[in-house]
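Observations on the model geometry
What follows is the residue order along each chain.
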Number of protein chains: 2
Amino acid sequence: MFTGLSAFPLTPLENDAVAEATFVRLIERLAEAKVDSITALGSTGSYAYLSSEERKRVARMAVEHAGGTPVFIGIGALRTSQVLTNAENAEKAGAAGLLLAPMTYQPLTDDDVFELFRTVTAQSSLPVIVYDNPGTTHFTFTTELYGRIAELPGIASIKIPGVPAVPEQAQARVQEIRAAIPEHVTIGVSGDAKAAAGLAAGCHAWYSVMGGTLPALAMEITRAAREGRFPDAVAASKRLSPLWELFTEFGGSIRVVAAIAEHLGLAPQASLPLPIQGLTEDQRERVARVIDALGLHR
Amino acid sequence: MFTGLSAFPLTPLENDAVAEATFVRLIERLAEAKVDSITALGSTGSYAYLSSEERKRVARMAVEHAGGTPVFIGIGALRTSQVLTNAENAEKAGAAGLLLAPMTYQPLTDDDVFELFRTVTAQSSLPVIVYDNPGTTHFTFTTELYGRIAELPGIASIKIPGVPAVPEQAQARVQEIRAAIPEHVTIGVSGDAKAAAGLAAGCHAWYSVMGGTLPALAMEITRAAREGRFPDAVAASKRLSPLWELFTEFGGSIRVVAAIAEHLGLAPQASLPLPIQGLTEDQRERVARVIDALGLHR
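Everything numeric here is computed off the predicted structure, so don't read it as measured data. (Residues numbered from 1 in each chain as written. Chains lettered and ligands numbered in written order. Predicted model: local features only at pLDDT ≥ 70, side-chain atom pairs only at ≥ 80, totals over all residues. Heavy atoms only, no water.)

As for the overall build of chain A
A tally of helices and strands in chain A yields 13 helices and 10 strands. Over its C-alpha atoms chain A spans a radius of gyration of 18 Å, differing by no more than 12% from the 19 Å that the globule rule assigns to 298 residues. Referenced to the eigenvectors of the C-alpha coordinate spread, the extents of chain A come out at roughly 45 × 45 × 35 Å. Counting only residues that meet the buried cut, chain A has 60% of its 298 residues in that class. In chain A, of all internal contacts separated by at least 6 residues, the share reaching a separation of at least 24 is 71%. For chain A, the separation between the mean place of its 25 positive charges and that of its 32 negative charges on side chains is 3 Å. (Helix = DSSP H or I, 4+ residues; strand = E, 2+ residues; numbered from the N terminus. Rg over C-alpha atoms; globule rule 2.2 N^0.38 Å. Buried < 20%, exposed > 50% of the residue type's maximum accessible area, 1.4 Å probe, protein only. Contact = heavy atoms within 4.5 Å. Lys, Arg positive; Asp, Glu negative; His and termini not counted. Charge placed at Lys NZ, Arg CZ, Asp CG, Glu CD.)

Here's what the structure looks like:
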């Protein structure tokens, strides 16, 4: 279940409330594209900004409209007790798995993070994806800590932040992680620009920001990789270079993907939680031009 | 009001709930030491980990037991609407000012942060302290952004993260900020180890972690500086070098100060919010030895 394309939809807001009908349409779009799984309330889904009640409701809507596609729910929070509440609500909503990033305000130690995963896996019966996202959590996992956590019963997958650009180095990195964790724990790549490279290097899943908004395109890359046609996957990804460049230039994927969804009418304007204002008008125009030039509407 | 020693008390937890009687005793201790102000729910007060309801209650208790000492309340949160709720609750509680750090999960732009401060100062009638704490927020203020924000009506003070070690450089840095902001906005130093240096370099306030638990000692340093006896302030701070070294070695002040409070019976054991486990037994013993050797119980 923790292989293939896991699509991370936005949770669009309108007037500081979850735009529920819009969110449901995004979920239905993913189910129709036959993504392998949907991860709602990932970083792209603004989990960190939503209240426990909002998250409970979003989890229910996601499962209800996923048409049987497995739904994973992001449960991260700054305080362990809040994480446990989110886990319980996700389980009640019918989630198939949990995604957990070690959010920080005060820096955390390796032992703090290990204990967090130990507590959650001990209390929830759902499989857990370890979410390594240093750009937002500012916590850096060592390979050794991956190993300690992956030994916990209940850990199903690790979402790694990206792989080196050079194929041999990417492969070596994935093999290094592989050697440190039990066989049943899958490795999923994130950082969309490097996803094809990650799949070619041996990752079995792609935890994808872009896949949450443009699922058909992400499925094309994933399918090629799953069928062993790695050059095709890499070539399909390469065609999207102008998009990856905007991710880098505009300081991260969520602002760009929100602008894409807004451009395509899949989200209301200004759909990110304030204080995140999203892209400026000029930046949005550049995104629109890239999207239109690449013919990206799927 | 935004000068002198502002003491930042812990908000001790016990079994994942605010230890209310213990918190009240910490506040009373600060009032008795005649600190210039109390900032409850600063980073040291674990604001980021508490629910809006818990924060409302803590704000009320702080004001109620401060014996007339001005109380500032930390209102930071990841989402602007949550910040506004906290501001309203702090105002209702009788706070004399608000402390606002731009918490981040997704990185924020300068314009995002400016708009956050604009929105809060437009909606609250209380004076606001700009809280620059890059170690926890991972947002870096430029001097130019200090200037833009400090022009907003309602901004009263800037809490800067520290000053360079070399006195001339510290003075130059404070003068550089001074030149960028209106005269009525005070500059307060944080980073306890560098506080005496900051006061000597021209800061008018010390936003102090240590002062929340050992107020008499922090008052001694502050008083010397306020009376122009900078060498005395620096010498008093220098005597505490073994403590400052533990702050650095153990990765930040909050774990050390919580261990001090626990050692002195001012907080229950394991008083920080999980997943923060606090110091190990060995580390606690070292803290206790330093505290006892320096005779720090005030």
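Quick notes on the interface of chain A and chain B
Tallying the contact residues gives 37 residues for chain A and 37 residues for chain B. Among the residues of chain A in contact with chain B, A:Y49, A:R79 and A:Y105 are the three that bury the most area, contributing 27% of the side total. The tally of links between chain A and chain B comes to 6 salt bridges. Salt-bridge contacts for B:D112 lead to A:R255; the nearest nitrogen and oxygen are separated by 2.7 Å. Contributing elements (two or more residues each) for the side of chain A that touches chain B: α3 (80-93), α4 (110-123), α5 (134-137) and α12 (253-263) of chain A. Counting residues per element, the side of chain A that touches chain B draws most heavily on α4(A), at 4 residues. Across the side of chain A that touches chain B, the residue classes tally to 17 nonpolar, 13 polar and 7 charged. (Buried area = accessible area lost by both parts, 1.4 Å probe. Salt bridge = Lys/Arg side-chain N within 4 Å of Asp/Glu carboxyl O. Nonpolar A, V, L, I, M, F, W, Y, C, P; charged D, E, K, R; others polar.)

Focus on the pattern of salt bridges
Counted according to the given criterion, the structure contains 28 salt bridges over all chains. In this structure, the salt-bridge partner of A:E115 is A:R118, at a minimum N-O distance of 2.9 Å. A residue pair is termed a helical-turn pair when its members lie 3 or 4 positions apart in one helix, as A:E115 and A:R118 do in helix α4 at 3 residues. Between A:R286 and A:E249 there is a salt bridge, with its nearest N and O atoms 2.8 Å apart. Pair noted here: A:R286 is in helix α13 (residues 281-294) and A:E249 is in helix α11 (residues 241-249), with a separation of 37 residues, a long-range link. Each of A:D16, A:E54 and B:R79 takes part in salt bridges that share partners, so that together they form one network.

Comments concerning the relation of the copies chain A and chain B
Of the two same-sequence chains, chain A is brought onto chain B (RMSD 0.0 Å, axial shift 0.0 Å) by a rotation of 180°. Here the two chains are linked by the operation of a two-fold rotation axis. For chain A, the smallest separation between a C-alpha atom and the rotation axis is recorded for A:H138, amounting to 4.1 Å. The residues that chain A uses at the interface reappear at the interface of chain B in 100% of cases, marking a shared surface. (Least-squares fit on C-alpha atoms with pLDDT ≥ 70 in both.)

Thoughts on the sheet that holds strand β5 (residues 71-74) of chain A
All names here are of chain A. Read around the barrel, 8 strands follow the order β1-β4-β5-β6-β7-β8-β9-β10 and close on themselves; strand pairing throughout is parallel. With strand direction ignored, the average angle separating the axes of adjacent strands in the sheet is 25°. Sheet analysis places β5 next to strand β6 (residues 97-100), joined by 3 bridges and oriented parallel. Each bridged residue has a counterpart across the sheet, and for G74 the counterpart in β6 is L99. (Pairing = 2+ DSSP bridges. Axes fitted to C-alpha atoms, helices over the stretch in contact; angles between N-to-C directions.)

Some details on unusual backbone geometry
Residues and elements named next belong to chain A. Put simply, L274 and P275 share a cis peptide bond, and its omega is 20°. By secondary structure assignment, the location of P275 is in the loop between α12 and α13. A positive phi angle, close to 65°, is found at D16, a residue other than glycine. Among the structural elements, D16 can be located in the loop between β2 (13-14) and β3 (17-18).

Describing the packing of aromatic side chains
Each aromatic ring pair is specified by the distance between its two centres and by the angle formed by the two planes. Tallying each qualifying case throughout the model produces 14 aromatic pairs over all chains. Relative to B:Y47, the ring of A:Y105 lies with its centre 5.1 Å away and its plane at 75°, an arrangement referred to as edge-to-face. Of the two residues, A:Y105 is situated in the loop between β6 and α4 and B:Y47 in the loop between β4 (37-40) and α2 (52-65); the pairing between them involves two chains. Judged on exposure class, the residue A:Y105 and its partner B:Y47 are both buried. (Phe/Tyr/Trp six-rings, centres within 6.5 Å; stacked < 30°, edge-to-face > 60°.)

Considerations on the environment of A:Q175
All names here are of chain A. Among the secondary structure elements, Q175 is positioned in helix α7 (residues 167-180). Classification of Q175 by relative accessible area gives exposed; the value is 53%. For the pair Q175 and C203, spaced 28 residues apart in sequence, the C-alpha separation works out to 9.4 Å.

Some words on the pairing of strand β9 (residues 186-189) of chain A
Residues and elements named next belong to chain A. Every second residue of β9 is oriented toward a common face, with T186 and G188 on one face and I187 and V189 on the other, all of them buried. Relative to β9, strand β8 (residues 155-160) runs parallel, the two being bridged by 4 bridges. Residue pairing in the sheet places I158 in a bridge with I187 of β9. For β9 and strand β10 (residues 205-208), the ladder comprises 2 bridges, and the chain directions are parallel. What sits directly across from G188, in β10, is A205.

Quick notes on the packing of helix α9 (residues 215-226) of chain A against helix α10 (residues 230-239) of chain A
Residue and element names in this part refer to chain A. Orientation of α9 relative to α10, taken along the N-to-C sense of each, is 160°, at an axis distance of 7 Å. Classed by the angle they form, the pair α9 and α10 counts as roughly antiparallel. Considering the relative orientation of α9 and α10, their crossing is left-handed. Contact residues: E220, I221, A224 and A225 in α9; F230, D232, A233, A236, S237 and R239 in α10. Here the contact of α9 with α10 is built from residues that sort into 6 nonpolar, 1 polar and 3 charged. (Parallel < 35°, antiparallel > 145°, perpendicular 65-115°, else oblique. Left-handed = near helix turned anticlockwise from the far one by under 90°.)

Looking at the sheet that holds strand β9 (residues 186-189) of chain B
Residue and element names in this part refer to chain B. Read around the barrel, 8 strands follow the order β1-β4-β5-β6-β7-β8-β9-β10 and close on themselves; strand pairing throughout is parallel. Strand-to-strand twist of the sheet, defined as the mean angle between neighbouring strand axes without regard to direction, takes the value 25°. Here helix α4 (residues 110-123) sits on the sheet and contacts β6 (97-100), β7 (128-131) and β8 (155-160); the angle it forms with β7, its principal contact strand, is near 165°.

Concerning the packing of helix α10 (residues 230-239) of chain B against helix α11 (residues 241-249) of chain B
Helix-helix packing is described using two parameters, namely the angle between the two axes and the distance between the axes. Residue and element names in this part refer to chain B. Contact pair α10 / α11: the axes reach a minimum separation of 5 Å and the direction vectors enclose 60°. From α10, S237, K238 and R239 reach across to α11, where they touch S241, P242 and W244. Tallied by class, the residues present in the contact of α10 with α11 amount to 2 nonpolar, 2 polar and 2 charged.

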